[in-house]
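# What the coordinates show
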Amino acid sequence: GRAAIVANAGPLRAPTTREQFRARSVPIPPDLYSHSDQQAQWQSSISDGAPRSGWGGRLGDLVKGGNGSNASSTLISVSGNNLFGVGATGSSFKVSPGNLLGFDFYKGATATDPLSKGITELLAMPSVNLFEGAWKDVIGRAIQNQQILASALAAVPPFATLFPDTGLGNQMEMIARLVAVRQALGLKRQVFFASIGGFDTHGDEQPGRQAELLAEVSDAMAALHDATVELDCADLVTSFTASDFNRTFPSNGRGSDHAWGNHHLVAGGAVRGGAIYGTFPTLVSGGPDDTGGGGLWIPTTSVDQYSATLATWFGVGPGELVTIFPNLPRFATPNLGFMG
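Definitions and limits used
Residues numbered from 1 in each chain as written. Predicted model: local features only at pLDDT ≥ 70, side-chain atom pairs only at ≥ 80, totals over all residues. Heavy atoms only, no water. Buried < 20%, exposed > 50% of the residue type's maximum accessible area, 1.4 Å probe, protein only. Helix = DSSP H or I, 4+ residues; strand = E, 2+ residues; numbered from the N terminus. Pairing = 2+ DSSP bridges. Salt bridge = Lys/Arg side-chain N within 4 Å of Asp/Glu carboxyl O. Contact = heavy atoms within 4.5 Å. Axes fitted to C-alpha atoms, helices over the stretch in contact; angles between N-to-C directions. Parallel < 35°, antiparallel > 145°, perpendicular 65-115°, else oblique. Left-handed = near helix turned anticlockwise from the far one by under 90°. Patch = residues over 30% accessible without salt bridge, like charges linked within 9 Å, V, L, I, M, F, W, Y side chains within 5 Å. Areas by Shrake-Rupley, 256 points an atom, 1.4 Å probe, with all protein chains shown as cover. Phe/Tyr/Trp six-rings, centres within 6.5 Å; stacked < 30°, edge-to-face > 60°. Nonpolar A, V, L, I, M, F, W, Y, C, P; charged D, E, K, R; others polar.

### Topic: the pairing of strand β6 (residues 262-268)
The side chains of a regular strand alternate between the sheet's two faces. In terms of burial, β6 is a largely internal element, five of the seven residues being buried. Across five bridges, strand β1 (residues 3-10) lies against β6 in antiparallel orientation. Its bridge partner being in β6, V6 is matched across the sheet by H264.

### A look at unusual backbone geometry
The residue N8 is not glycine, and still its phi comes out positive at about 50°. With respect to the element layout, N8 can be found in strand β1. On the basis of relative accessibility, which here comes to 0%, the residue N8 falls in the buried class. Not every positive phi belongs to a glycine, and D232 is a case in point at roughly 60°. Checked against the element boundaries, D232 lands in the loop between α8 (206-230) and β5 (238-240).

### A short note on the sheet that holds strand β4 (residues 191-193)
Pairing in this open sheet of three strands is parallel, and the strands run β3-β2-β4 from one edge to the other. The open sheet terminates on both sides in strands that have one partner only, identified here as β3 (93-94) and β4. Across three bridges, the pairing between strand β2 (residues 75-77) and β4 is parallel. Note that in β4 the partner of L75 across the bridge is V191.

### Some remarks on the pattern of salt bridges
All told, the structure shown has three salt bridges when counted by the stated rule. In this structure, the salt-bridge partner of R247 is D200, at a minimum N-O distance of 3.1 Å. Here D200 lies in the loop between β4 and α8 and R247 lies in the loop between β5 and β6, a separation of 47 residues in the sequence. For the salt bridge of R209 with E212, the shortest nitrogen-to-oxygen distance reads 3.0 Å. One end of the pair is R209 and the other is E212, both in helix α8 and three residues apart, which spans about a single turn. Residue classification places R209 among the partly exposed positions, given a relative accessible area of 32%.

### So, the side chain of Q210
For Q210, the position within the fold is in helix α8. Here Q210 falls in the buried class, since its relative accessible area comes to 16%. Once residues lying within four places of it in the same chain are set aside, the contact partners of Q210 are F199, T201 and R247.

### Some details on the packing of helix α4 (residues 114-124) against helix α5 (residues 130-153)
One can describe the packing of α4 onto α5 by two numbers: an axis separation of 10 Å at closest approach and a directional angle of 135°. The orientation of α4 relative to α5 falls into the category oblique. Crossing geometry of α4 relative to α5 is assigned as left-handed. In contact with I119, L122 and L123 of α4, α5 contributes W135, K136, I139 and I143.

### Notes on the pairing of β1
Within β1, six of the eight residues are buried, which leaves it mostly tucked inside the rest of the structure. In this sheet, strand β7 (residues 276-277) lies alongside β1 in parallel orientation, the contact comprising two bridges. Opposite V6, over in β7, you have Y277 as the bridge partner. Pairing of β1 with strand β8 (residues 301-302) involves two bridges; the strand directions are parallel. Bridging from a neighbouring strand, G10 pairs with S302 of β8.

### Section: a nonpolar patch on the surface
A cluster of nonpolar residues, I5, F249, L265, I276, F280 and L283, forms a patch on the protein surface that exposes about 520 Å² of accessible area. Relative to the elements of secondary structure, L283 occurs in the loop between β7 and β8. Judged by relative accessible area, which is 40%, L283 ranks as partly exposed.

### Notes on the packing of aromatic side chains
Evaluation of the coordinates by the stated rule reveals twelve aromatic pairs. On the basis of an interplanar angle of 55° and a centroid distance of 5.9 Å, the ring pair of F159 and F163 is categorised as tilted. Considered together, F159 and F163 belong to a single accessibility category, that of buried residues. Seen from their ring centres, Y277 and F338 are 6.0 Å apart, and the 65° between their planes marks the pair as edge-to-face. Separated by 61 residues along the polypeptide, Y277 in strand β7 and F338 in the segment after α10 (318-324) bring together distant segments of the chain. Taking relative accessible area as the criterion, Y277 reaches 15% and is therefore assigned buried.

### Some words on the packing of helix α3 (residues 55-63) against helix α9 (residues 303-314)
Viewed as axis vectors pointing N to C, α3 and α9 meet at an angle of 20°, and their least axial separation amounts to 12 Å. One way to sum up the angle between α3 and α9 is to call them roughly parallel. Every pair of crossing elements has a handedness; the one defined by α3 and α9 is right-handed. Contacts between α3 and α9 pair W55, L59 and V63 from the former with S307, L310, A311 and F314 from the latter. Of the residues belonging to the contact of α3 with α9, the class tally is six nonpolar, one polar and no charged.

Functional significance is not addressed by these values, which are geometric in nature.
Below, the structure is given as structure tokens:
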């Protein structure tokens, strides 16, 4: 009862019907069926230009003031670099899913071991150019954040919740640990990024491989939710999926190929669960939701609507939504209603 499905969502520049798509009478997102381009459009919520920031980063820009002096930890990625967490004033802080936070070997400015002493001396040297100065600023902030996080995380007791020993399960466990120390760090709003790959299944292994991957997503999302229940903050944490596209409805003879609109999962204590939101496509090749005859569903819900619903729950006001989602006014329903 704490999970919902958002049906047939994807990048759109405007509401689009089959007839409009075929006649090109409305603007269509560029580079459809391209992994990198569609991922960028999903993570940025910008489908009519080259995005330079992600909607998670722009969201973080608006809310980070509530985190006071710890604003640098508003955006955290447990899966490396990504567009989603890039804002106008910075990008996400990278944290390993394990306990290694990047600078564990540095023992501090007063340490006398050769490695720590060398780093301290390097950071104290005068900068001869802007690049060198910027590099030292980044390293200095990373060291400071690592020390703060490592100290806080050391006080977190093991969870009773069992996280699956998978890549995504380990990422979710680290996110749960970071949620557990939010009060100690003075953080009231945070945006996390995790990821899983391997869904580009063109071959005859597709049914089995998709089942394995979706099970990994399910188990990891369930464990995160159970951990937030354990932490008594389930209504404060929402997890949701984003991707690039689904697979074509007909087979290519072995598996299926790149498509467009796809279904997504939202879970958490504040989710109005047990329901499908948006409009499920008519599963007929050449039908009213197909671009042509290949079973490529035209999204009936835009990434902007899906993301804006989450941002509204997060505390973004109606007047601020257009700052994060510049194309949102093109769609009649800015809130899909799946969040309480």
